[in-house]
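# Fold and contact review
Residue strings, one per chain:
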Amino acid sequence: MFPVIRKSAFVLIFFLTGTLLMMLTVIDAMTKQSSTRDSLNQRAMLVKEFGLSDLALSTEARYTRHLTLADRHSAFQDHPTSFDHFPSGSIFLPPSQLTHD
Amino acid sequence: MIEFFRKQAYLIDFTMSSLLRRKGKNFGLLLVYTLIVFMLASVMLFSHSLRKEAGIILQQSPEIIVQRLVAGRHALIPAEYIQKMGRLRGVTSKKGRLWGYFYNPVVKANYTVMAPDHLDLSTTEVIIGAGIARTIGLGIGDYFTMRSNNDTFSFQVKDIIERNSELVTTDLVLISPKAYRVITGIPEGQFTDIVLSVRNPREVRKVAEKLVQKLPDIRPVLREEILRTYDSIFAWRQGIVFVLLIGALLAFVIFAWDKASGLSAEEKREIGILKAVGWESADILHMKFWEGIIISLSAFMLGYLAAYLHVFYSSAVLFESVLKGWATLYPQFKLVPFIDGLQIATLFFFTIFPYVVATIIPIWKASVTDPDAIMR
Amino acid sequence: MLISLSDINKVFNQGKHNEFHAIRDISLHIEAGKVTCLKGSSGSGKTTLLSMIGCLSRPTSGRITLENKILSGLPERFLTDIRRHTFGFIFQKFNLLQGLSVLENVMLPAYPLGLNHKDLKASAQKLISHFGLDRVMNNPVEWLSGGESQRVAICRALINDPQILIADEPTANLDTRLSQEFMGLLDELRKTGKTILITSHDPIVFNSPVVDRIVEMQDGQIMES
Ligand SMILES: Nc1ncnc2c1ncn2[C@@H]1O[C@H](COP(=O)(O)OP(=O)(O)O)[C@@H](O)[C@H]1O
Ligand SMILES: [Mg+2]
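What you see is a predicted model; the values in this text were computed from it and never measured.

## Focus on the site of ligand 1
Ligand 1 sits among 13 residues. The nearest are R376 of chain B together with G43, K46, T47 and T48 of chain C. Taken together, the residues near ligand 1 originate from chains B and C. Separating an oxygen atom of ligand 1 from a side-chain N or O atom of T47 of chain C is a distance of 2.5 Å. Protein chains shield 69% of the accessible area of ligand 1, which is 560 Å² for the free molecule.

This is the structure in structure tokens:
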């Protein structure tokens, strides 16, 4: 299988490469963070300009589109903290103002 | 010292040879384990980055959004409410907003329609989000139609909102307030909600309390609540993550149980042979330790790296369908990668530690028994 | 005198209903550089005695000494250490590790010593070619014939250069020609100064001129020395 190198050497090289690549992801993340700062700011400015309150991840219903503006009686219809039947409801929590205070 | 390292190298040699004997089984095992790590790591990276991003950009949301409730439902808010609020200390501006949703049955898409008054839009012009433009195939200058009761209104696309802001604007339709009132029939003097700017963030709660005292039928939504919501949005214990984790754990428990419930006669004999030819119990445990490390660390590294590529280089395609659900509009966005060291460390620990323990424990008993059985 | 046993007893399942007294009051001296053969019918306790001598198990009572060091009563770690430096084992069923190559099987006993890999590999290769196994060096052991397997087992027993070789019924799985060949190999090893301890009920073994001394056993006891 590994005719040239010893198996333990292969394992060592494999894990070193893995570690290196993992460090590379951290470096990649940091460079991306600084190189995309402008577009992040641009999004933030749009949020300010139009008074946006939510991410446009799930556009299927008003209470998944504007999670934070969902009220007690429209979203999560069966129970204040139960989920609706949209798939995205299975990953979003109900908005915190419904579960806190 | 050098002996120690050499010895570990030999033990790894042996473990590898021994793993490679059952190539199919062990690669299958590695694949499944990698897949579990991949899913968990994808969810972690995706949700953490999204949470970070939301935390940064939603910092610019209005300090307070005031909604009116009628019979417990969100209703239009009359412009007089702005006057009724009166002077509130710390509030620098009060503004009524017009916005709502529009469902286009043809493409089965739900738009968020906003009518901001600061844009220089004529009544026949519209600015649309990039997601809409993509979904219905519109360009600048094309016509965009919206139907109301029995009229159909056409607007010329004046502009398309920057593609790199799709995460917040993909489904936006911006039209003039005048046109919006005509289409929706919202009379003059009524708004969807009112936004307040508050100069000092520490005063926001006070302002909200005063508002509710003055106007009992309103509900203020605070920016800190918005931020809090997005901070906990993909909370760990919830939804898919939960299911994934349970599934992964269950698979793991079954696997560990299977291993612990008894070594095969073959494995026992091998341990006997190793002891008979001069291996100590500790050597055998070390060797098994390496076996656990090789499988679990490989799964961790491969799974994490694949997850990183998935989330940040393929825009998390696997999550798209879940988030999109029944919607036809989905933002195309490149998440800014934010990595949470603690999360990754947790994943590392839960990938490596239980697996290594489950590999070693059953060996323990076999490795401390006398090896004379193999003479028979 | 190299190994001496005094009043060795081995009781299996002591205190239980199926208690079995496999070795009774055996005292025996084994000399260095000689080939000693334990002869006896099946079930007479040869293997049990051999595994106690080889530190694979402990006597229930009695004392075993190796060059005046008392072995019985040492903790496992020390026993293992003595076992791997002093004894080389050739088992009846060869007990090679399936799926590993001949070379790996031969090197196996030396792994915990942490020797230089090049040196270890070279000495293993030397042993392997000495026993005429060059051709199959990198084959997995399950491809080997019975005679080849036995020679691999001998190589493995020799890799740590032990003083004493222990072979339990080494010819049980071999035909006459291979058995005689094996005795030839033993003779060669004896000439290099190894002490050899062998059990058998095969006449080819105990009638062989290679064997210096025959110890006959019956029902866990020695009949004559
Ligand atoms: N672990 C054990 N438990 C109970 N009895 C055993 C055990 N091992 C060996 N015996 C018994 O001890 C006797 C001697 O066995 P053994 O030393 O293998 O004989 P030999 O090698 O001369 O054929 C046999 O009767 C066998 O059944
Ligand atoms: Mg026997």
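Back to the write-up after that little detour.
## Comments concerning the nonpolar core
Counting residues in each nonpolar core, the largest one holds 168 residues, and the members touching the most others are W279 of chain B together with I3 of chain C. Broken down by element, the residue count for this core peaks at 16 residues, all from helix α11 (residues 281–313) of chain B. Beyond its immediate sequence surroundings of up to four residues, W279 of chain B is in contact with L11, F14, L274, I284 and M287 of chain B together with T80, R83, R84, L108, P109, Y111 and P112 of chain C. Counting 42 residues, the second-largest nonpolar core is a separate cluster that includes A79, L88, A109 and I218 of chain B.

## Description of the interface of chain B and chain A
Taken together, the contact between chain B and chain A spans 83 residues of the former and 63 residues of the latter. Summed over both partners, the interface of chain B with chain A buries about 6700 Å², with 67% contributed by carbon and sulfur atoms. Across the pair R65 of chain A and D171 of chain B runs a salt bridge whose closest N-O atoms are separated by 2.6 Å. Counting every contact that joins chain B to chain A gives 24 residue pairs in polar contact (both at pLDDT 80 or more).

## Some points on the packing of aromatic side chains
This model, assessed by the stated rule, comprises 22 aromatic pairs over all chains. Taking 6.4 Å as the distance between ring centres and 45 degrees as the angle between the ring planes, the aromatic pair formed by Y308 of chain B and Y313 of chain B counts as tilted. The interplanar angle of 45 degrees and the centroid separation of 6.1 Å between the aromatic rings of Y330 of chain B and F333 of chain B together place this pair among those described as tilted. As far as burial versus exposure is concerned, Y330 of chain B and F333 of chain B are alike and both buried. Members of the aromatic cluster, connected to one another through ring pairs, are F300, Y304, Y308, F312, Y313 and F348 of chain B. A cation over an aromatic ring shows up here: R6 of chain A above the ring of Y10 of chain B, its NZ or CZ 4.8 Å from the ring centre.

## Some points on the pairing of strand β4 (residues 61–66) of chain C
All names here are of chain C. Of the strand pairs in this sheet, strand β1 (residues 3–12) and β4 are connected by five bridges, and their pairing is antiparallel. Counterpart to L5 in the pairing with β4 is I64. Two successive antiparallel strands, β4 and strand β5 (residues 69–70), enclose a turn made up of two residues, where E67 displays a positive phi of approximately 45 degrees.

## Things to note about the environment of V66 of chain B
All names here are of chain B. Relative to the helices and strands, V66 resides in strand β1 (residues 64–70). The buried category is assigned to V66, whose relative accessible area is 0%. C-alpha of V66 to C-alpha of V221: the two residues are 155 residues apart in sequence and 6.3 Å apart in space. Apart from the residues within four sequence positions on either side, V66 is in contact with I77, M85, D193, I194, L196, L211, I218, R219 and P220.

## Comments concerning the sheet that holds strand β6 (residues 109–114) of chain B
Residue and element names in this part refer to chain B. Strand order in the open sheet formed by six strands is β5-β6-β10-β7-β9-β8, with mixed pairing between adjacent strands. Looking along the sheet, the strands with just one partner apiece sit at the ends: β5 (99–104) and β8 (143–147). Between one strand and the next, the sheet's axes are offset by a mean angle of 40 degrees, whatever the strand orientation. On top of the sheet, helix α6 (residues 177–184) reaches β5, β6, β8 and β9 (152–160); it is set at about 150 degrees to β9, its chief contact.

Definitions and limits used
- Residues numbered from 1 in each chain as written.
- Chains lettered and ligands numbered in written order.
- Predicted model: local features only at pLDDT ≥ 70, side-chain atom pairs only at ≥ 80, totals over all residues.
- Heavy atoms only, no water.
- Near = heavy atom within 4 Å.
- Polar contact = N/O pair within 3.5 Å; in protein donor to acceptor, adjacent residues only side chain to side chain.
- Areas by Shrake-Rupley, 256 points an atom, 1.4 Å probe, with all protein chains shown as cover.
- Core = buried A, V, L, I, M, F, W, Y, C linked by side-chain atoms within 4.5 Å.
- Buried < 20%, exposed > 50% of the residue type's maximum accessible area, 1.4 Å probe, protein only.
- Helix = DSSP H or I, 4+ residues; strand = E, 2+ residues; numbered from the N terminus.
- Contact = heavy atoms within 4.5 Å.
- Buried area = accessible area lost by both parts, 1.4 Å probe.
- Salt bridge = Lys/Arg side-chain N within 4 Å of Asp/Glu carboxyl O.
- Phe/Tyr/Trp six-rings, centres within 6.5 Å; stacked < 30°, edge-to-face > 60°.
- Lys NZ or Arg CZ within 6 Å of the ring centre and 35° of its normal.
- Pairing = 2+ DSSP bridges.
- Axes fitted to C-alpha atoms, helices over the stretch in contact; angles between N-to-C directions.

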